[in-house]
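Letter by letter, the chains look like this.
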Amino acid sequence: MNQMPLDFGDDKNGRGRWNESYASGHRLFFALCPPDAIEQQVAAIAHDYGRAFSLSGRPRLTTLHVSIIWVGDYPKLPEDVVFAARQAGATVESAPIAMTFDRIMRFPQPRALVLCGEGGRKPLTRVHVQLGVGMHNAGLRHNINRDFTPHMTLLYDRKAVPPTTLDAPVSWTASEFLLIHSVLGKTEHRIIDRWPLLG
């Protein structure tokens, strides 16, 4: 489970790469975003869990999403990368995806508390691979992850907490996916483009 927020710089071709010195910049990625009713349900879960375990991390409820694939991190968002990512997004063919998260767990390395589950994992993995292939064909790094684990990050906290099965799973049917521009350090997401999941 190594899908996590990472910091990247640019290689000589302007494509994103790993760079631990990044503190700010612009991230580009594909994701699913939950509807308002699910956001409210997740907000209640994050609040209750944080209170139960005295967590100091603040819920990241304004930017809830399920990452599908990372495109890159950049000091400035390159127009040619956005164009190529849009080309990749247009290649995806998928029916709507029924997502279900029924567990809370911690990703140790980024200290992220996340919702996860098996519902929707297989079809979303297929979209992950389709986007990776599309990115490669458009001249970008494919970034396909063999350990792709769909999840939704609730908050970040240093405290270790036990995994928990939810009494009421978080479920919805995703009918579209989005290309998102994240302004790093500002918890700000801007939707660049979106594509319907029609089958």
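Quick caveat: nothing in here was measured; it's all calculated off a predicted structure.

J.: Before we move on, could you go through the sheet that holds strand β8 (residues 164–174) and cite the residues and values that matter?
T.: Spatially, β7-β6-β5-β8 is the arrangement adopted by the four strands of the open sheet, whose pairing is antiparallel. The outermost strands of the open sheet, each flanked by one partner alone, are β7 (151–156) and β8. The mean inter-strand angle of the sheet, taken between neighbouring strand axes irrespective of direction, is 30°. Direction of pairing for strand β5 (residues 97–107) relative to β8: antiparallel, over a ladder of seven bridges. For phenylalanine 101, the partnering residue across the bridge sits in β8 and is valine 170. Packed on one face of the sheet, helix α1 (residues 36–52) meets β5, β6 (112–116), β7 and β8 and runs near 160° to β8.

J.: Could you give me a rundown of the sheet that holds strand β10 (residues 188–196), with the residues and numbers involved?
T.: Here four strands make up an open sheet; going across it, the order is β4-β3-β9-β10 and the pairing antiparallel. Both outer strands of the open sheet, β4 (66–74) and β10, are each paired with one neighbouring strand and no more. Pairwise comparison of adjacent strand axes, ignoring direction, gives a mean angle of 20° for this sheet. As paired elements, strand β9 (residues 176–184) and β10 share eight bridges and run antiparallel to each other. Bridged to leucine 179 within β10 is aspartate 193. The sheet contacts of helix α3 (residues 121–137) involve β3 (25–32), β4 and β9, and relative to β4 the element is tilted by about 25°.

J.: Describe helix α2 (residues 79–89), listing the residues and the values that go with them.
T.: Where α2 is concerned, the buried positions are Val81, Val82, Ala84, Ala85, Ala88 and Gly89. The buried residues of α2 occupy an angular sector of 165° when the element is viewed end-on, so they sit on one face. Of the residues in α2, the exposed ones pointing more than 90 degrees away from the buried face are Glu79, Asp80 and Phe83. Where α2 is buried, its residues touch β3, β4, α3, β9 and β10.

J.: Describe the layout of surface pockets, with residues and values.
T.: If you add up the space inside the second largest pocket, you get close to 170 Å³. Surrounding the second largest pocket, Gln41, Ile45, Asp48, Tyr49, Ile104, Thr164, Thr165, Leu166, Asp167 and Ala168 form its lining. Those elements that provide at least two residues to the lining of the second largest pocket are α1 and β8. Take the lining of the second largest pocket: its biggest share by element is five residues, from β8. Of the residues belonging to the lining of the second largest pocket, the class tally is five nonpolar, three polar and two charged.

J.: Go over the packing of aromatic side chains with me, naming the residues and quoting the values.
T.: Counted under the stated rule, the structure contains five aromatic pairs. Taking 6.1 Å as the distance between ring centres and 50° as the angle between the ring planes, the aromatic pair formed by phenylalanine 30 and phenylalanine 177 counts as tilted. Of this pair, phenylalanine 30 sits in strand β3 while phenylalanine 177 sits in strand β9, placing them 147 residues apart in sequence. Residue phenylalanine 30 is classed as buried on the basis of its relative accessible area of 0%. Overall, the relative accessible area of 1% leaves phenylalanine 177 in the buried class.

J.: Tell me about the pairing of β5, residues and numbers included.
T.: Alignment of β5 against β6, held across five bridges, turns out to be antiparallel. The residue of β6 that forms the bridge with arginine 106 is leucine 113. From the end of β5 to the start of β6, which pair antiparallel, there are four residues, and arginine 111 there has a positive phi angle of about 60°.

The rules behind each value
Residues numbered from 1 in each chain as written. Predicted model: local features only at pLDDT ≥ 70, side-chain atom pairs only at ≥ 80, totals over all residues. Heavy atoms only, no water. Pairing = 2+ DSSP bridges. Helix = DSSP H or I, 4+ residues; strand = E, 2+ residues; numbered from the N terminus. Axes fitted to C-alpha atoms, helices over the stretch in contact; angles between N-to-C directions. Contact = heavy atoms within 4.5 Å. Buried < 20%, exposed > 50% of the residue type's maximum accessible area, 1.4 Å probe, protein only. Arc of directions from axis to C-beta. 1 Å grid on protein atoms, 1.4 Å probe; cavity = no way out; pocket = protein on both sides within 12 Å on 5 of 7 lines; lining within 4 Å. Points joined across faces, edges and corners; volume = space filled by probe spheres on them. Nonpolar A, V, L, I, M, F, W, Y, C, P; charged D, E, K, R; others polar. Phe/Tyr/Trp six-rings, centres within 6.5 Å; stacked < 30°, edge-to-face > 60°.

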